[in-house]
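Inside the fold
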Amino acid sequence: MELKPTRFGFGEALRDVGEIEKRLIVLGLDISSSVCVHWFAEKFPERFFSIGIAEQNAATIAAGLALEGFIPVFSTYGVFAAFRASDQIRISICYNNIHVIIGGAHAGISVGPDGATHQALEDIAVMRALPHMTVLSPCDANQTYLATKAAIQQIKGPVYVRFGREAVPNFTSITDKFTPGKIDELIKGKDVTIVATGHMVYHALKAAQKLNTLNISASVLNVHTIKPLDQESLIFHARKTGCVLTIEEHQIHGGLGSAVAECLSQHYPVLMKIMGMPDSFGESGQPEELLIKYGLHTDQIVDEALKLFKKK
């Protein structure tokens, strides 16, 4: 299977959509090649502006461009987008409900060697709390490409697209349909529902295969849109299996698991387990080692799913 960083899908989509959408403008923040917006810059230098290490300025410039009818994109590491520029995103972008696309790169613990300062583990919580903000968290490079295109061409208002650094399995098809706000059911099951987002979707699929050898039938749901959340699909699967396990490269507070719990607690309470970062910062290390240390690897997902099923 091809291994490809999700950030590549983001950069390729900007470059390709730029051919069609002449209003598209990209702002670089001194890490253009790292977040892959350099491909757009090389092809459309007249529509690329280097802002430097100035995330707050980029957010306000993007807001001004959007108010003038352009479609601005700026991208930086998720820790800087969600925190350093949070005031400008909240007031200049979200309060005005304008169409600005924000690329949140280097998401999750699998960023690896860059360590705690660069591992975005709280960005979902921040972004989904902002009024009008759409939050996309695609599972691989192909889906990141489709999600980025949808952010530009289909969604109105502010959009946060979350993606990672390391090469991961690219297991979806570039020809798949991407519908913002709808959950993708990847495996049908009857015993337990595994709800995953981002890089954890592939681990959820592998866990479901292992559970199948233990005669446990697991549904696997890919939540590529965390906000707005597909409540109808979640409720359907909760009714079907009676227990839900959520998995994310994010703090257990405020992320995907919290969003799912908010939904089900109000509409169809079931047994739940939230897997994520245990109220902890990450550290420097290899992605695989970090996933194991913080309990997010395939075998650990299998163990938690078995515990949940037995409780049910």
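Bear in mind that the values here come from a model prediction, so they are computed numbers and not experimental data.

This next bit is on the overall build of the protein. A count of helical and extended segments in the protein gives twelve helices and 14 strands. What you see for the protein is a C-alpha radius of gyration of 19 Å, in line with the 20 Å of a compact globule of 312 residues. Its C-alpha atoms give the protein principal-axis dimensions of about 60 × 40 × 35 Å. A burial count over the protein gives 60% of its 312 residues as buried. Contacts in the protein between residues far apart in sequence, at least 24 positions, make up 81% of those at least 6 positions apart. When the 29 basic and 32 acidic side-chain charges of the protein are each reduced to a single mean position, those positions are 6 Å apart.

Another aspect to go through is the pairing of strand S2 (residues 24-28). Counting buried residues along S2, five of its five residues qualify, which places the element largely inside the surrounding structure. Burial of the side chains of S2 extends over both faces: Leu24, Val26 and Gly28 are buried on one face and Ile25 and Leu27 on the other. In this structure, S2 lies alongside strand S4 (residues 71-77), joined through four bridges in parallel fashion. Bridge pairing links Val26 to Val73 in S4.

Once that is clear, we can look at the side chain of Thr144. Along the chain, Thr144 turns up in helix H7 (residues 141-153). The contacts of Thr144, once residues within four sequence positions are left out, are Thr6, Gly9, Phe10, Pro138 and Phe163.

Attention now goes to helix H9 (residues 231-241). In an α-helix, one turn spans 3.6 residues, which is why side chains three or four residues apart end up on the same side. For H9, the set of buried residues is Leu234, Ile235, His237, Ala238 and Thr241. In an axial view of H9, the angular spread of the buried residues amounts to 170 degrees, which keeps them on one side of the axis. Of the residues in H9, the exposed ones pointing more than 90 degrees away from the buried face are Glu232 and Arg239. Elements in contact with the buried residues of H9: strand S9 (184-187), strand S10 (192-196), strand S11 (218-222), strand S13 (243-251) and helix H10 (256-267). Directly after H9, the chain includes Gly242, whose backbone phi takes a positive value near 80 degrees.

With that out of the way, let us pick up the environment of Gln286. Along the chain, the position of Gln286 falls in the loop between strand S14 (271-277) and helix H11 (287-293). In this structure the C-alpha to C-alpha distance between Gln286 and Met275, which are eleven residues apart in sequence, comes to 20 Å.

Right, let's talk about the packing of helix H3 (residues 55-67) against helix H5 (residues 86-94) for a bit. Relative to each other, H3 and H5 sit at 5 degrees, their axes nearing to 9 Å. One finds that H3 runs roughly parallel with respect to H5. Between H3, through Gln56, Ala59, Thr60 and Ala63, and H5, the contact on the second element is made entirely by Gln88, Ile89, Ser92 and Ile93. Partitioning the contact of H3 with H5 into residue classes produces four nonpolar, four polar and no charged.

For the rest of this paragraph, the subject is the sheet that holds strand S7 (residues 159-162). In sheet architecture, strand pairing relies on hydrogen bonds along the backbone and comes in two forms, parallel and antiparallel. What the seven strands build is an open sheet, ordered S3-S2-S4-S5-S7-S6-S12; its pairing is mixed. Of all strands in the sheet, those bounded by a partner on one side alone are strand S3 (48-50) and strand S12 (225-227). The mean inter-strand angle of the sheet, taken between neighbouring strand axes irrespective of direction, is 20 degrees. Each of S2 and S4 is contacted by H3, which is oriented at about 165 degrees to S4, the strand it contacts most. Along the sheet face, H7 touches S2, S4, strand S5 (101-105), strand S6 (134-136) and S7 and points at about 170 degrees away from the line of S7.

About the cut-offs
- Residues numbered from 1 in each chain as written.
- Predicted model: local features only at pLDDT ≥ 70, side-chain atom pairs only at ≥ 80, totals over all residues.
- Heavy atoms only, no water.
- Helix = DSSP H or I, 4+ residues; strand = E, 2+ residues; numbered from the N terminus.
- Rg over C-alpha atoms; globule rule 2.2 N^0.38 Å.
- Buried < 20%, exposed > 50% of the residue type's maximum accessible area, 1.4 Å probe, protein only.
- Contact = heavy atoms within 4.5 Å.
- Lys, Arg positive; Asp, Glu negative; His and termini not counted.
- Charge placed at Lys NZ, Arg CZ, Asp CG, Glu CD.
- Pairing = 2+ DSSP bridges.
- Arc of directions from axis to C-beta.
- Axes fitted to C-alpha atoms, helices over the stretch in contact; angles between N-to-C directions.
- Parallel < 35°, antiparallel > 145°, perpendicular 65-115°, else oblique.
- Nonpolar A, V, L, I, M, F, W, Y, C, P; charged D, E, K, R; others polar.

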